[in-house]
Amino acid sequence: MENSATDKLTEYDLSQLEVLVLENNIFMGKMLSQILRSFNLKKIHLSSKMDAAFGYFQNNTIDLVFSNWAPATEEIEFLRMVRDPRSSKNPYVPIIVVSSYNEKKYVELARDLGMTEFLTLPVTPQSIYQHVCSVIEHPRTFIETATYMGPDRRRNDTPIQFDDRRKHPAELDSNAD
């Protein structure tokens, strides 16, 4: 991280993380993978097809997902599949959506499908690293209802007037025993 803008961010040893990149534009996928390598990420799997990406996801221990996202594309189905606790190996994996569709309705749709972070194109190494740091430093609680499985869509810790059923990632790990 030689860039003075990124020097202010906490440096993490990311070398042991395994990242899945789902990007249907090969140029963009290779660029994103190269930027991730510059953060010392060594295990990066790039896929341009949703079925192949989900198959890889199911057969490997993925720590972080970057997914292209656009309305009416197969990446929407990918988010649904990853967040489905009945068929997903790890429905709690952080998913950073990368998209040029930054209008509020599209961000809300991606949020409602279970994305963890939304990264708007064009991207820079700093913006990518900031989102990776956000996933590390601010793990989101997860909500599981009949109609939604994914990170808590609320960013603020607002007091609620009923039982808090949200599960923090640390609680999920301790319940697995």
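The present account deals with the structure reproduced in this document. (Residues numbered from 1 in each chain as written. Predicted model: local features only at pLDDT ≥ 70, side-chain atom pairs only at ≥ 80, totals over all residues. Heavy atoms only, no water.)

### Quick notes on the side chain of Glu75
Link 1 in the chain: Among the structural elements, Glu75 can be located in helix 3 (residues 74-83).
Link 2 in the chain: Nearest to the buried, unbridged Glu75 among oppositely charged side chains is Lys49, at 8.8 Å.
Link 3 in the chain: Beyond its immediate stretch of four places on either side in the chain, Glu75 contacts Leu22, Asn24, Ser67, Asn68 and Trp69. (Helix = DSSP H or I, 4+ residues; strand = E, 2+ residues; numbered from the N terminus. Buried < 20%, exposed > 50% of the residue type's maximum accessible area, 1.4 Å probe, protein only. Lys, Arg positive; Asp, Glu negative; His and termini not counted. Salt bridge = Lys/Arg side-chain N within 4 Å of Asp/Glu carboxyl O. Contact = heavy atoms within 4.5 Å.)

### Description of helix 5 (residues 125-137)
Think of an α-helix as turning once every 3.6 residues; residues three or four places apart then point the same way.
Link 1 in the chain: Compared with the 18 Å implied by 1.5 Å per residue over 13 residues, the 18 Å span of helix 5 between its first and last C-alpha is a close match.
Link 2 in the chain: For helix 5, the secondary structure elements touched by its buried residues are helix 1 (26-38), strand 3 (64-68), strand 4 (95-99) and strand 5 (117-120). (Expected span 1.5 Å × (residues − 1).)

### Considerations on the sheet that holds strand 5
Link 1 in the chain: Reading across the sheet, the five strands line up as 2-1-3-4-5 and stay open at both edges, with parallel pairing between neighbours. The sheet is open, and its two edges are formed by strand 2 (43-47) and strand 5, each paired on a single side. Each strand of the sheet is rotated relative to its neighbour by a mean of 20 degrees, with strand direction disregarded.
Link 2 in the chain: By the bridge criterion, four bridges tie strand 4 to strand 5 in an arrangement that is parallel. For Val97, the partnering residue across the bridge sits in strand 5 and is Phe118.
Link 3 in the chain: Lying on the sheet, helix 1 is in contact with strand 1 (18-22), strand 2, strand 3 and strand 4; it crosses strand 2 at an angle near 175 degrees. (Pairing = 2+ DSSP bridges. Axes fitted to C-alpha atoms, helices over the stretch in contact; angles between N-to-C directions.)

### Comments concerning the pattern of salt bridges
Link 1 in the chain: For the structure on display, the rule yields four salt bridges.
Link 2 in the chain: Close ionic contact of Glu77 with Arg80 constitutes a salt bridge, the shortest N to O distance being 3.7 Å. In this pair, Glu77 and Arg80 are both assigned in helix 3, three residues apart and thus about one turn of the helix distant.

### Quick notes on the pairing of strand 3
Link 1 in the chain: Counting buried positions over the five residues of strand 3 gives five, a clear majority of the element.
Link 2 in the chain: Burial along strand 3 is two-sided: Leu64, Phe66 and Asn68 and Val65 and Ser67, pointing in opposite directions, are all buried.
Link 3 in the chain: As defined by bridge partners, strand 1 adjoins strand 3 across four bridges and the pair is classed as parallel. Bridge pairing links Val19 to Leu64 in strand 3.

### As for helix 2 (residues 50-59)
Link 1 in the chain: Of the positions making up helix 2, those classed as buried are Met50, Ala53, Phe54 and Phe57. Buried residues along helix 2 cover an arc of 95 degrees about the axis, so they all sit on one side. Residues Asp51 and Asn59 are exposed on helix 2 and point more than 90 degrees away from its buried face.
Link 2 in the chain: Turning to helix 2, the residues buried within the fold contact strand 1, strand 2, strand 3 and helix 3. (Arc of directions from axis to C-beta.)

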